[in-house]
Amino acid sequence: MSYQRQRSAIPVLATLLVVLLLLAGCSNTGSTTASSSASDTAASAKSITMSWPRDIGTMNPHTYNPSQLFAQSMIYEPLVSYEKGGKLAPALAESWKISKDGKVYTFKLRQNVKFSDGSDFNAEVVKKNFDAVMKHKDTHSWLGIVGVINKTEVVDDHTFRLTLTEPYYPVLQDLSVVRPFRFLGEAGFPDNGDTAEGVKAPVGTGPWMLADYKQDEYAVFKRNPNYWGKAPAIDQVTVKIIPDAETRVAAFEKGELDLIYGEGVISLDAFQQLRENDKYTTQLSDPVGTRSLLLNSSNPKLSDVRVRMALHEGFNKQAMVQGITSGLEEPADSVLSKNYPYTNIDLKPIPYSVEQSKALLDEAGWKLPAGGTVREKDGQPLEFEMIFDKTDPIQKAMAETIQAEWGELGVKVNLTGLELTVQIKRLKANDFDLYFWYNYGAPYDPHSFINVVASPGFGISETLSAIPTKKQLDEQVRQALSSTDETKRQELYRSILTTLQEQSAIIPISYIKKTAVYQKKIAHFEFPASRDDNPFEGIQVTAP
């Protein structure tokens, strides 16, 4: 994504027309006029129609669900953009300077940037947005930068300064994420300035603006006529809300959709079938996250590294991933894939070996009694509960496979399918034995991953609590996040990731990838570098 762009000139009349469309869309409550508008506008030669399983939400840049990340990223922009390979590029900030002690960041803002309503983007509005986020610090504490912001300052109209309480190297990565540090125009703020209570209208600087919307049915985005950068090659994106994956595929095959994009938006079997049809084009992204299994070391039975290593070695990851994901995901040898900064290091993979697994369990004192099927030690069976998201067919299939393979080792696994919200609650309460977990992906990782390794309250630090070197690990995380020395940081990451690999409390299973299926009218498609960003910037369509 290039940010060396010139703002295009748009006739005043066209500008007014699109702004009126924006206001009409924001006030729409679901009339028949809106429905006909959506179908009429979808006919544009330079438009595409895609589906999404959930409504786009309130389009508040400073809050989370129900707003959908891809849609927020269409309207709101960051100071800094995350690009492939972890490169950080100018966005609304054209440049920045970092003080030698790593505590002061001075951003030179891009000039002649307008919000979609024509108002100016400047340092005052940047500060207002930062302050609105920091007013609810606890809500955003999962993002490391929130805990170290000390002061926000307007230096002049186009210079903004951020002062930290201590050095924190991932400041720029944290500012590139889709939420909460993106920018709402003055007209979008509520009268009291507290965006946690909602926004008046989705006014952003991004290439798109919401033009038409009917809750739980569709959203229509048109090009922002005030956009400062290179305009998208398409004029319009229509998002149809289709909760059911099979219905989504059927709509695509009927030609009602041009694009199906995302993670888990259709089954892997359906993707494979569409992939084999020459009528369509399909793509798989680079890894965007890792499916992992947490082994809670605070459980006395799992506090022994020999037991954890035996379980890690005791199932055929290659065969399981191939069989369940039809080869669309790759078996994971390490908890973070190598396409993030600081992770391109050689870690010794944990091999599949039933014999070694059984030997380790024997060595740890877990013996199979004569005629028994479950190992025992001190009168206790080697038995665990594995919890999983009951709506996720891949988790369920993997859980059943691991249950069967570990059963052959003499390890009993009881499966419990839960609603995702209940599953997360039990993770944070440290109320589990075995748990499927995913890292955030780019641009959050690797720093967000090591942050939860050391920070209580998210469930991961608690999972690792019985590791003998936990205090040393936590200190290495602290140093890595605060170090201003690039070489030292690389060494610290190597040590942290090596320790986690050797301890096997987090078992990497497979690398998750996004899928895209599209009609032939789409001539060019690229996955965004950021896991949560929208994919519309590079899309090109051919004439009908």
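A quick note: this is a predicted structure, and the numbers were derived from the prediction, not measured.

## As for helix H13 (residues 447-454)
Consideration 1: Burial within H13 is extensive, with eight of its eight residues counted as buried.
Consideration 2: Looking at the buried positions of H13, the neighbouring elements they touch are helix H5 (171-176), strand S18 (434-438), helix H14 (460-463), helix H15 (470-482), helix H16 (486-503) and strand S19 (506-519).

## So, the domain arrangement of the protein chain
Consideration 1: Each domain of the protein chain was delimited in the assignment, giving domain 1 (47-258 + 521-541) and domain 2 (288-513).
Consideration 2: Measuring from the centre of the C-alpha atoms in domain 1 to the corresponding centre in domain 2 gives 33 Å.
Consideration 3: Opposite the 20 residues of domain 1 that make contact, domain 2 presents 22 residues.
Consideration 4: It is Trp 142, Tyr 169 and Arg 531 that lose the most area in domain 1 upon contact with domain 2, and together they represent 47% of the buried surface on that side.
Consideration 5: Taken together, domain 1 and domain 2 are joined by zero salt bridges.
Consideration 6: Seen at the junction of domain 1 and domain 2, the total is eight residue pairs in polar contact (both at pLDDT 80 or more).
Consideration 7: With three residues, H5 is the single largest residue contributor to the side of domain 1 that touches domain 2.
Consideration 8: Looking at the side of domain 1 that touches domain 2, its residues break down into nine nonpolar, six polar and five charged.

## Digging into helix H4 (residues 123-134)
Each turn of an α-helix holds 3.6 residues, which means side chains three or four residues apart point in the same direction.
Consideration 1: Given a rise of 1.5 Å per residue, twelve residues ought to cover 16 Å, and the 16 Å separating the end C-alpha atoms of H4 matches this to within 8%.
Consideration 2: Among the residues making up H4, those that are buried are Ala 123, Val 125, Val 126, Asn 129, Phe 130, Ala 132, Val 133 and Met 134.
Consideration 3: On its buried face, H4 is in contact with strand S5 (104-109), strand S6 (149-156), strand S7 (159-164) and H5.
Consideration 4: At the N-terminal end of H4, a side-chain oxygen is found 3.2 Å from the backbone nitrogen of Glu 124, two or three residues along, and the residue is Asn 122.

## A short note on the pairing of strand S16 (residues 383-389)
Consideration 1: Burial within S16 is extensive, with five of its seven residues counted as buried.
Consideration 2: Note that S16 and strand S17 (residues 412-418) share seven bridges and pair parallel. Of the residues in S17, the one forming a bridge with Ile 387 is Thr 416.
Consideration 3: With helix H11 (residues 393-409) bridging S16 and its parallel neighbour S17, the resulting β-α-β unit is right-handed.
Consideration 4: Alignment of S16 against S18, held across two bridges, turns out to be parallel. Bridging from a neighbouring strand, Ile 387 pairs with Tyr 435 of S18.

## Observations regarding unusual backbone geometry
Consideration 1: Across the junction of Ala 442 and Pro 443, the peptide omega takes the value 5°, indicating a cis bond.
Consideration 2: As for its position among the elements, Pro 443 is in the loop between S18 and H13.
Consideration 3: In the segment running from Asp 445 into Pro 446, the intervening peptide bond is cis, with an omega of 15°.
Consideration 4: Mapped onto the fold, Pro 446 is located in the loop between S18 and H13.

## Some points on the confidence of the model for the protein chain
Consideration 1: Taken as a whole, the protein chain shows an average pLDDT of 91; of its residues, 91% reach a score of 70 or greater.
Consideration 2: Low pLDDT, under 50, characterises residues 1-43; the stretch is placed with 67 contacts to residues that sit more than four places away or in other chains.

## Some details on the side chain of Asp 533
Consideration 1: Within the secondary structure, Asp 533 sits in the loop between strand S20 (522-524) and strand S21 (540-541).
Consideration 2: Buried charge without a partner: Asp 533 forms no salt bridge, and the closest opposite charge is Arg 182, 4.3 Å away.

The rules behind each value
- Residues numbered from 1 in each chain as written.
- Predicted model: local features only at pLDDT ≥ 70, side-chain atom pairs only at ≥ 80, totals over all residues.
- Heavy atoms only, no water.
- Buried < 20%, exposed > 50% of the residue type's maximum accessible area, 1.4 Å probe, protein only.
- Helix = DSSP H or I, 4+ residues; strand = E, 2+ residues; numbered from the N terminus.
- Contact = heavy atoms within 4.5 Å.
- Domains from an automatic or database assignment.
- Buried area = accessible area lost by both parts, 1.4 Å probe.
- Salt bridge = Lys/Arg side-chain N within 4 Å of Asp/Glu carboxyl O.
- Polar contact = N/O pair within 3.5 Å; in protein donor to acceptor, adjacent residues only side chain to side chain.
- Nonpolar A, V, L, I, M, F, W, Y, C, P; charged D, E, K, R; others polar.
- Expected span 1.5 Å × (residues − 1).
- Pairing = 2+ DSSP bridges.
- Right-handed = clockwise from strand over helix to strand, strands pointing away.
- pLDDT = per-residue confidence, 0-100.
- Lys, Arg positive; Asp, Glu negative; His and termini not counted.

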